[in-house]
Amino acid sequence: MSDVPTVRILGTHGVPAAYGGFETAAENVGLHLAEHGWRVIVYCQVEGNGPVTEDTWRGLERVNIPVNIPGWRGTSLFDLLSIRHATRHPHDVALVFGYNTGVFNVWQRLRGTKLVINMDGIEWSRKRWGFARQTILYVNERIAALNGHHLIADHPEIERYLWTRAPKRKVVMITYGAHEVSDAPVEPVLERDLDPGGYLTMICRPIPENSILEIVQGFSTRRRSHELVVIGPYEPDSDPYHREVMDAASDQVHFIGAVYQPEVLQSLRVHGAMYLHGHTVGGTNPSLVEAMAAGNPVIAHDNVYNRWTAGDGAAFFTTAEDVDRELSRILPDPDTLDAMSRSSLDRYHAEFTWDHVAGQYEQLLRRHLSTSPSKEQ
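A short tour of the structure in this document, coming up. These figures come from a predicted structure and were not determined experimentally.

### Points about the pairing of strand S10 (residues 227-231)
In terms of burial, S10 is a largely internal element, four of the five residues being buried. Here five bridges tie strand S9 (residues 199-203) to S10, and the two strands are oriented parallel to one another. Counterpart to Tyr199 in the pairing with S10 is Glu227. In the sheet, S10 pairs with strand S11 (residues 253-257) via four bridges, with the strands oriented parallel. By the bridge assignment for S11, Ile231 is matched with Gly257. Of the crossover connections in this fold, the one passing from S10 over helix H8 (residues 240-248) to the parallel S11 is right-handed.

Given below as structure tokens:
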């Protein structure tokens, strides 16, 4: 028996983070908890076949589960296997990222496990999934909202949405975080034939709901003092939307492909003059927060998610004409760029540091320790 507080983190691909926002959150929250005396077990999806193995990384215990099925079906199998393993220790608090397989968490609930679930955005509403997957996600969202002892919303708008799914007492708002980056090597920028300070960045999945076409059209309306660097996996030969975006681009728009190395993304952000953000759905967006943590001035799509995240110091657009107007207004004015940069950092420091975010996770998880039996080893 032990009095060490224990949490099991499920629902991500694992640590170290190398996949997306949930993995980055799991890593940073997990490291914070470990530094504050917690025993942290993170379930990690690995490729291939073989037995489950366990090891440690920076003080976090990893349960490595091999899965040889690609895509979301493999992820679903991994979630099922993770939950089956976690139910051997039902008195450890479970921190679950995402509700995509919420039906499996019923097993933990029946075993008496305290479930704290980060509900992500309104994922089922994204048209790119198609009707079948939207239906699966919708059902799992409702099940997760019912079974979770606490539901985490990463944005006030998501919090209000979750109030339609669960009692208000079960819902808490804890946003996404980032590490401040004030300096980074310039070599990744130069290797891509870019001029430090002479380009704007856009980093997102190349789908219509991220307003990429509107941004590229608006930027390409006229010659600019800066270039536009578009980061993401574009396949114009197989995706009509990708082709439409690339056809709309002027010769000042550079499609440099996907960049998965965090240190390279940091360099591209730090040495860029501005960040363009076209996401239209989904709560607090990690890429937007990371751009603000790098001090980037922001032009974002005008919606409730981005307005709250970026704050009053950002500029906003709806149409390609808006993008053209805002760029033409802001880029020639160094004072405006400096003021927008300071605003991004001020907003980041007020809400989005990992110390602040992870500290809120810890407070919430501790509330469930007091109602759990002694920890099992």
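### Topic: the sheet that holds strand S4 (residues 60-67)
Read from one edge to the other, the open sheet built from eight strands follows the order S3-S4-S2-S1-S5-S6-S7-S8, with strand pairing classed as mixed. Strand pairing shows two members of the sheet lacking a second neighbour, strand S3 (53-57) and strand S8 (171-173), which therefore form its edges. Averaged over all pairs of adjacent strands, the angle between their axes in this sheet comes to 25°, without regard to strand direction. Across three bridges, strand S7 (residues 150-153) lies against S8 in parallel orientation. The partner of Ile152 across the bridge, within S8, is Val172. Its contacts with the sheet place helix H14 (residues 354-369) against strand S1 (6-10), strand S5 (93-97), strand S6 (115-118), S7 and S8, and it is angled at close to 140° to S5.

### Structural notes on the pattern of salt bridges
Scanning the entire structure with this criterion turns up 15 salt bridges. Two residues, Arg307 and Asp302, come together in a salt bridge whose shortest N-O distance is 2.6 Å. Residue class for Asp302 comes out partly exposed when judged on its relative accessible area of 30%. The salt bridge involving Arg366 is made with Glu362; its shortest N-O contact spans 3.2 Å. Residue Arg366 and its partner Glu362 are located together in helix H14, separated by four residues, close to a single helical turn. Glu362 gets classed as buried once you look at its relative accessible area, which sits at 10%. Linked through salt bridges whose partners overlap, the residues forming this network are Asp322, Arg325, Glu326 and Arg329.

Reading the values: the criteria
- Residues numbered from 1 in each chain as written.
- Predicted model: local features only at pLDDT ≥ 70, side-chain atom pairs only at ≥ 80, totals over all residues.
- Heavy atoms only, no water.
- Buried < 20%, exposed > 50% of the residue type's maximum accessible area, 1.4 Å probe, protein only.
- Helix = DSSP H or I, 4+ residues; strand = E, 2+ residues; numbered from the N terminus.
- Pairing = 2+ DSSP bridges.
- Right-handed = clockwise from strand over helix to strand, strands pointing away.
- Axes fitted to C-alpha atoms, helices over the stretch in contact; angles between N-to-C directions.
- Contact = heavy atoms within 4.5 Å.
- Salt bridge = Lys/Arg side-chain N within 4 Å of Asp/Glu carboxyl O.

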